[in-house]
Amino acid sequence: MAPPATKRRKLSHSDSSEEDAASFLDSDLSAINGVEENFDNASSDEVDDLMEDAEDVEGGQSMDSEDGEDALTEDDASESEEEEHINTQPAKLSQVKREQKTSKKRNEIPQDGVYTAEVYKSNMFKLQVDELLEQVRPKYAKKEAPAENAMRTLKTIIEQIPSREPLSVHDAERSLLKSSKVAVPFPHPRPPRDAKYKLQYDRPAGINATGSYPLKIATRAGEDLAIDLVVTMPMSLFQEKDYLNHRYFYKRAYYLACIAAGITDSKEHKFKITFDCLNGNHLQPIIVVNPSGDGSPDDFSGSKCRIQIIPTAADKTFSTEKLLPEKNCIRPKDLEENSSSTKLTPTPFYNATLQADCSVTAYLKLLHAASSQCDAYKDACLLGRIWLRQRGFNSQIRKGGFGNFEWAAVMAVLLQSNPGAGVPLLSAGYSSYQLFKATLQFLANRDLARAPFLFQAKDVNIPKSDGNPAFFDGPRNLNILFKVTPWSYKLLQQEAGMAVKMLAGSTFDQFEPTFIIKADPLLYRYDGIVDVPLSSLNYDFSDRKFHEKLSQACRKLYSTLVRGLGDRVTSISILLPEETSWQVGSAKPSEGREGRILVGFITDPANAARTVDHGPPAENKKEAASFRQFWGEKAELRRFKDGSILESVVWSQKEGGESILGQIVKHLLRRHISAEVADNSVIASDQFARLLSSGRLTGQSGTATFLPLMNAFSALEKEIRGLDGLPLQIRHILAADPQLRYSSINVPSSNTGKYMTHPASIIVQFEGSGRWPDDLAAIQRTKVAFLLKLSSLLSGINTELTTRVGLENPSQPFQNQSFLDIITPLGPAFRLRIHHDREATLLERKLKDKALDGPNREAAALALAAYKCDFLRAPAHTQAMQTLCTRFPALSPSLRLVKKWFAAHLLTPHFAPETIELLVARTFLHPHPWAPPASASTALLRTLLFLSRWDWRHAPLIVDFSAAADGAATGMTPEQLAATTTRFDAWRRIDPALNRVVLFAASSLDADGATWTDRARPPKVVAARMTALARAAVAAAREWDVAMARARGAAPELRPETLFVSALDDYDFVLRLRAKFTRAGRARKKKGVDGGVFRNLQLQAEVGGDVELVGYDPVALFLDELQQIYGHAVIWFYDVEGGDVVAGLWNPATTARRGWRVRVGYSSVPMAGEKSKRGEGEEGAGVEVEINKEGILAEIARLGGELIERVEVVRE
């Protein structure tokens, strides 16, 4: 993977604040470390070198407790303000020399664009990375000083704790509880009362500030920062056999309790301390020190951090051979300690936990050596931390077990060469970005669960396990990934693979998806969530074995679902409720009964809705028996069309019923877990899809409901092409309508005789001919003649077809003037227009005519734009969306759902359908940091997230329709992207006030960017409302997500309808329409009581629908008239899909009070105003006018007539 280091030049980020700011780590860490006491087993040279570079120290596995680190926020970014802290201590000579040498090497690096682009993806990417690292890196100055003072105080307190004589387990525990009211946090199982060994406390061998903070790879991007204070226990406390049967952990817990008692008993200093488990490992309790908040000298609230006191053992306290993964260190009671353990079950987790406690110094040396060997190592660690946090990975066992320490340790090991394997997998000459990307490639491409990675450990045997990964570090005798669960490892592999593919693209900037966007919210990541109450497991919550039983139940649940769901899902994750700390004076509380297990699914849309699962053939007796045993009564033997006889499982699919995924999960839970778990579990899958008719995926495609219309279009195309008697041959018949690209909100009815409300637009282009006239008006008349001929021929060959020629755009003579409606007897209807390419040439010629007057020039420009939109862009866009809907099964219902959201908020009149479709297509073609959505609900929420973040004033929307199937853009080149961006910049320079093009929406098929958004579609106020509504929806989804992810208490209820409702209080007035005139009202009328008594009468009513009403929408015609008359004074909002409300906002730019003049342009009333600048004798001096709102609303009510039920004034 990695070329030799000699072939790469080094490039790393520099941070002057790291070198200038003096802190507790620079001045006093050598005193705290206790060199002569802390590293008894390390060579003196190594210790001296480490202590000289105390500010570069990195601790062991225990150093990365990351509870408080969360998403990047603006508040966190503001914390990166410049601070100065003068170092009063003289720098050590060796440190100064090394810094000078490093600085010299960095200054010699050529910073040319070619080299930067080679090692940092692009120049912009490097600048963004530099800025990000500057914001998240702590300054190690005044802000952290209170925490460092608190660490000094804690060190002093711990050093002054008196020794305690050896006592039996019972006496030691009782004495500590009686004297200091501190309970010993013994792990399960508790030590026996008759234990032969004794517990005691002696002065620690060393107290060391370790972890990511002193190494300067910590990130200041969460609620608080965890600083680890490691207390090394003296070797004299332990015996040779203490590694067996939890004896070491009992002594460790008592030692920790003695430290807690010392801190509690301190009268001069006050700290808030609690017990917690290190990374959720119940074998490793720790002390968490939080600021008192009382403003005392020991209060470090301003540092926004917490201090974790972690007791550890010194190196070589126990034999490493005894702690290998294949060894057993928990012996049954009936076996003596000296008995052979070769036949006993290995205890890899127990062994690794103990070995991790003994490896703090070893990993301190390893990570320090890596940072010295590779200049970019620290920055690569920071990038890895950010990437992991944004995807929800953490060293906490219940959060996956792969966090900051695991990333840093794996990268440090990969920088070293494995004997016999050649060069290291990572080169020390890599930049931070290259190290980051190469580590991701290693995680994505290596299956460490099937083929463990052994580093300098040839003779080590890794026990076989169900999906647990192994990255065994031989020199330190530790499987670094021992805490990683099978489900979190699979998710880690998937996320790393997506990140590598994302970063491989050279066209689009992937900085934000990689480092900024939070990818772990449940609603955005998973297509389905199963909520299993812990109480349904019927476990005894007070049982000390509860956590062990819960872990086993989760593993069984995972293995069962993986086998049962198969290729229907690409990932299954299990989330458990977070554990909390507890007071030092009480025992560890039991798990709450209100907790829940969350199981998240990422589905494969091509297989998720499959109704039949095929099993083994009947001849394979063993496999068939296993299949029947797994599925139970659901398994059945079936013969298929190809003659094969297979074991099978069949699932039902009914509209409005439970999804197939839900049926499978319920059956598996009932059969393999318990009936109570199945009955109490709640399955949430594609919850928003029920808001649409036929919203769920059917079979393997979301386009199945449009099949009757598409078949009718294909039949009509054959009939038109087969006509005899046309003057010219037909070149193309193209679809150009949302209904023909599977994106209309309402699916065209497939009921025989039920006519479509709105005919689908199609375009016909004839072969070229010199007989076409060379005049625009004559061309329009020729089109009418062609349409009349088509109508006559179609009616002649198929008498059941209804054809009629219509006229349009009467006030725009340069635009298309005619169309042909074709209504089939089965219901589908089409509106045919003729495309003649000569029109574009004539319109361009008119625009070049300098003698053309202004109105005609504007009309020609509008006609040319309409020509390109209707005859060129719309068919190409329709063809592209048809292809995408076939490629992405969830795209069609997603398009419909997002359009329904726009319509529900009355925004649809201001957006071309193609604009909304581009927004949704972007979610599928550029889905990062996720995979393409597999359900309409996920696509809706991700689209809303994009809208909430999209700064449309300064950023264009660019969609690459030629993106490859794996998500990497391969069609658009960087040059094409740059040209489109340049066009956007030109629009912003031409129209800085955004009066004409507010949203710039371009694609690989349409680089113009203004085809669908020109002429203020939408206006600024509507675009701003879209953003505000999207942010409100995202906030509601985030609130639900946070409550759900907490996995405690009653499960929050997500009501999809709430995201599709907005109050009318923000509008100035509202027109209430009579339902019988709206689309929805007319649809309800067809299903009304007239034919509801008898089914035959109802069918006759449906078949006897009025053909003349096809394409007739009175509300749309009324709105068009209102727009023409009052469009300059009122901004209209309406749901074109059947809403019964029309809302309006007075345009302040037009309706504001102004001086009186002739022909104001709207109904107005005179107002007494201030003296104008006109002279006293001039007309209108001192008179102002204001829009006559009451009069205009009365005019609107008169125009609407019976259409309007009432007019409501919301705001005066």
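Residues numbered from 1 in each chain as written. Predicted model: local features only at pLDDT ≥ 70, side-chain atom pairs only at ≥ 80, totals over all residues. Heavy atoms only, no water.

**Some thoughts on the sheet that holds strand E5 (residues 272–277)**
For step 1, the next point in the chain: Taken in spatial order, the 6 strands of this open sheet run E3-E4-E7-E6-E5-E13, and their pairing is mixed. Since the sheet does not close on itself, it has two edges, and those belong to strand E3 (206–210) and strand E13 (582–583), each with one partner.
For step 2, the next point in the chain: Taken together, the 2 bridges between E5 and E13 define a ladder with antiparallel strand orientation. Pairing of Phe275 across the sheet is with Trp582, part of E13.
For step 3, the next point in the chain: Seen against the sheet, helix H10 (residues 145–159) touches E3, strand E4 (225–233), strand E6 (285–290) and strand E7 (305–313) and runs at an angle of roughly 35° to E7. (Pairing = 2+ DSSP bridges. Helix = DSSP H or I, 4+ residues; strand = E, 2+ residues; numbered from the N terminus. Contact = heavy atoms within 4.5 Å. Axes fitted to C-alpha atoms, helices over the stretch in contact; angles between N-to-C directions.)

**Looking at the side chain of His877**
For step 1, the next point in the chain: Structurally, His877 can be placed in helix H29 (residues 854–887).
For step 2, the next point in the chain: Not counting residues within four places of it along the chain, the set of residues in contact with His877 comprises Arg741, Glu914, Glu917, Leu918, Phe961 and Trp1012.

**Topic: a nonpolar patch on the surface**
For step 1, the next point in the chain: Among the surface-exposed residues, Leu1109, Tyr1112 and Leu1117 lie close enough to one another that they form a single nonpolar patch of about 280 Å² accessible area.
For step 2, the next point in the chain: As for its placement among the helices and strands, Tyr1112 is situated in the loop between helix H36 (1095–1103) and helix H37 (1114–1126). (Patch = residues over 30% accessible without salt bridge, like charges linked within 9 Å, V, L, I, M, F, W, Y side chains within 5 Å. Areas by Shrake-Rupley, 256 points an atom, 1.4 Å probe, with all protein chains shown as cover. Salt bridge = Lys/Arg side-chain N within 4 Å of Asp/Glu carboxyl O.)

**Thoughts on the sheet that holds strand E8 (residues 453–455)**
For step 1, the next point in the chain: Reading across the sheet, the 3 strands line up as E8-E9-E10 and stay open at both edges, with mixed pairing between neighbours. Taken across any chain shown, the strands that pair with only one partner, and hence form the sheet edges, are E8 and strand E10 (478–479).

**A short note on the pattern of salt bridges**
For step 1, the next point in the chain: Overall, the coordinates contain 47 salt bridges when judged by the stated rule.
For step 2, the next point in the chain: One salt bridge connects Glu717 with Arg721, and the closest N-O pair in it is separated by 3.4 Å. Taken together, the residues Glu717 and Arg721, both in helix H26 (residues 707–721) and 4 residues apart, mark about one turn of the helix.
For step 3, the next point in the chain: According to the relative accessible area criterion, Glu717 is partly exposed, its value standing at 22%.
For step 4, the next point in the chain: Because the salt bridges share partners, they merge into one network encompassing Asp567, Arg568, Arg610 and Asp613. (Buried < 20%, exposed > 50% of the residue type's maximum accessible area, 1.4 Å probe, protein only.)

**A few points about the pairing of strand E23 (residues 829–835)**
For step 1, the next point in the chain: Among the 7 residues in E23, 7 count as buried, and that is most of the element.
For step 2, the next point in the chain: Burial of E23 is two-sided: the residues Ala829, Arg831, Arg833 and His835 facing one way and the residues Phe830, Leu832 and Ile834 facing the other way are all buried.
For step 3, the next point in the chain: In the sheet, strand E20 (residues 760–766) pairs with E23 via 6 bridges, with the strands oriented parallel. In the sheet register, Ile763 faces E23, and the bridge partner there is Arg833.
For step 4, the next point in the chain: In this sheet, E23 lies alongside strand E22 (residues 818–823) in antiparallel orientation, the contact comprising 4 bridges. When the bridges of E23 are listed, Ile822 appears paired with Phe830.
For step 5, the next point in the chain: Here E22 folds back onto E23, and the loop between the two strands holds 5 residues, one of which, Gly827, carries a positive phi near 125°.

**Some remarks on unusual backbone geometry**
For step 1, the next point in the chain: In this structure, Pro189 follows His188 across a cis peptide bond, with omega equal to -5°.
For step 2, the next point in the chain: On the secondary structure map, Pro189 appears in the loop between helix H11 (169–180) and strand E2 (199–201).
For step 3, the next point in the chain: Omega for the bond connecting His928 with Pro929 falls within 30 degrees of zero, at 15°, which places this linkage in the cis form.
For step 4, the next point in the chain: Checked against the element boundaries, Pro929 lands in the loop between helix H31 (913–925) and helix H32 (936–949).
For step 5, the next point in the chain: For Leu994, which is not glycine, the phi dihedral falls at a positive 60°.
For step 6, the next point in the chain: Structurally, Leu994 can be placed in the loop between helix H33 (974–990) and strand E25 (1001–1003).
For step 7, the next point in the chain: Residue classification places Leu994 among the buried positions, given a relative accessible area of 7%.

**A look at the packing of helix H17 (residues 404–414) against helix H18 (residues 432–445)**
For step 1, the next point in the chain: Packing of H17 against H18 leaves a shortest axis separation of 11 Å and a crossing angle of 95°. One way to sum up the angle between H17 and H18 is to call them roughly perpendicular. Residues Trp407, Val410, Met411 and Leu414 of H17 touch H18, and the partners they reach there are Leu435, Phe436, Thr439, Leu440, Phe442 and Leu443.
For step 2, the next point in the chain: Residue composition of the contact of H17 with H18, grouped by class: 9 nonpolar, 1 polar and no charged. (Parallel < 35°, antiparallel > 145°, perpendicular 65-115°, else oblique. Nonpolar A, V, L, I, M, F, W, Y, C, P; charged D, E, K, R; others polar.)

**Notes on the confidence of the model for the chain**
For step 1, the next point in the chain: On average, the chain scores 83 in pLDDT, and the residues at 70 or more come to 84%.
For step 2, the next point in the chain: Predicted confidence for residues 1–115 stays below pLDDT 50, and this span has 274 contacts to residues more than four positions away or in other chains.
For step 3, the next point in the chain: Taken together, the stretch residues 1171–1178 has pLDDT below 50 and engages in 12 contacts with residues farther than four places along the chain or on a different chain. (pLDDT = per-residue confidence, 0-100.)

**Looking at the pairing of E3**
For step 1, the next point in the chain: Most of E3 is tucked away, with 5 of its 5 residues classed as buried.
For step 2, the next point in the chain: Residues Gly206, Asn208 and Thr210 of E3 are buried on one face, and the alternating residues Ile207 and Ala209, pointing to the opposite face, are buried as well.
For step 3, the next point in the chain: As paired elements, E3 and E4 share 5 bridges and run antiparallel to each other. Opposite Ala209, over in E4, you have Leu229 as the bridge partner.

**Description of H37**
It helps to recall that an α-helix has 3.6 residues per turn; residues three or four apart then point in one direction.
For step 1, the next point in the chain: For H37, spanning 13 residues, the distance from its first C-alpha to its last is 18 Å, which sits close to the expected 18 Å at 1.5 Å a residue.
For step 2, the next point in the chain: Residues of H37 that are buried include every one of Pro1114, Val1115, Phe1118, Leu1119, Leu1122 and Tyr1126, and no others. End-on view of H37: buried residues confined to an arc of 130°, all on one side of the axis. Exposed side of H37, more than 90 degrees from the buried face: Leu1117 and Gln1124 are the residues found there. (Expected span 1.5 Å × (residues − 1). Arc of directions from axis to C-beta.)

**Brief notes about the environment of Ile1192**
For step 1, the next point in the chain: Structurally, Ile1192 is set in helix H39 (residues 1189–1200).
For step 2, the next point in the chain: A relative accessible area of 1% places Ile1192 in the buried class.
For step 3, the next point in the chain: C-alpha of Ile1192 to C-alpha of Ser1164: the two residues are 28 residues apart in sequence and 9.0 Å apart in space.
For step 4, the next point in the chain: If we ignore the near neighbours within four places in the chain, the residues touching Ile1192 are Tyr1126, Trp1146, Ser1163 and Ile1187.

**Digging into the packing of aromatic side chains**
Within a pair of aromatic rings, the relevant descriptors are the distance that separates the centres and the angle that separates the planes.
For step 1, the next point in the chain: As enumerated under the stated definition, the model contains 43 aromatic pairs in all.
For step 2, the next point in the chain: Summarising the aromatic geometry, the rings of Tyr243 and Phe318 are spaced 6.3 Å apart at their centres and angled 65° between planes, so their arrangement reads as edge-to-face. With Tyr243 in the loop between E4 and helix H13 (247–265) and Phe318 in the loop between E7 and helix H14 (348–358), this pair connects stretches of sequence that are 75 residues apart. Judged on exposure class, the residue Tyr243 and its partner Phe318 are both buried.
For step 3, the next point in the chain: Here Phe1069 and Trp1132 contribute two aromatic rings whose centre-to-centre distance is 5.6 Å and whose plane-to-plane angle is 80°, an arrangement assigned as edge-to-face. A residue pair is termed long-range when its members are at least 10 positions apart, and Phe1069 in strand E26 (residues 1069–1073) and Trp1132 in strand E27 (residues 1130–1134) qualify at 63 residues.
For step 4, the next point in the chain: Among the residues examined, Phe1069 registers a relative accessible area of 1% and is labelled buried.
For step 5, the next point in the chain: In this structure Trp1132 comes out as buried when scored by relative accessible area, which is 4%.
For step 6, the next point in the chain: Among the aromatic residues, ring-to-ring pairing joins Phe125, Trp387, Phe393, Trp407, Tyr433, Phe436, Phe511 and Phe515 into one connected group.
For step 7, the next point in the chain: Sitting over the ring of Phe819, Arg831 keeps its end group 4.0 Å from the ring centre. (Phe/Tyr/Trp six-rings, centres within 6.5 Å; stacked < 30°, edge-to-face > 60°. Lys NZ or Arg CZ within 6 Å of the ring centre and 35° of its normal.)

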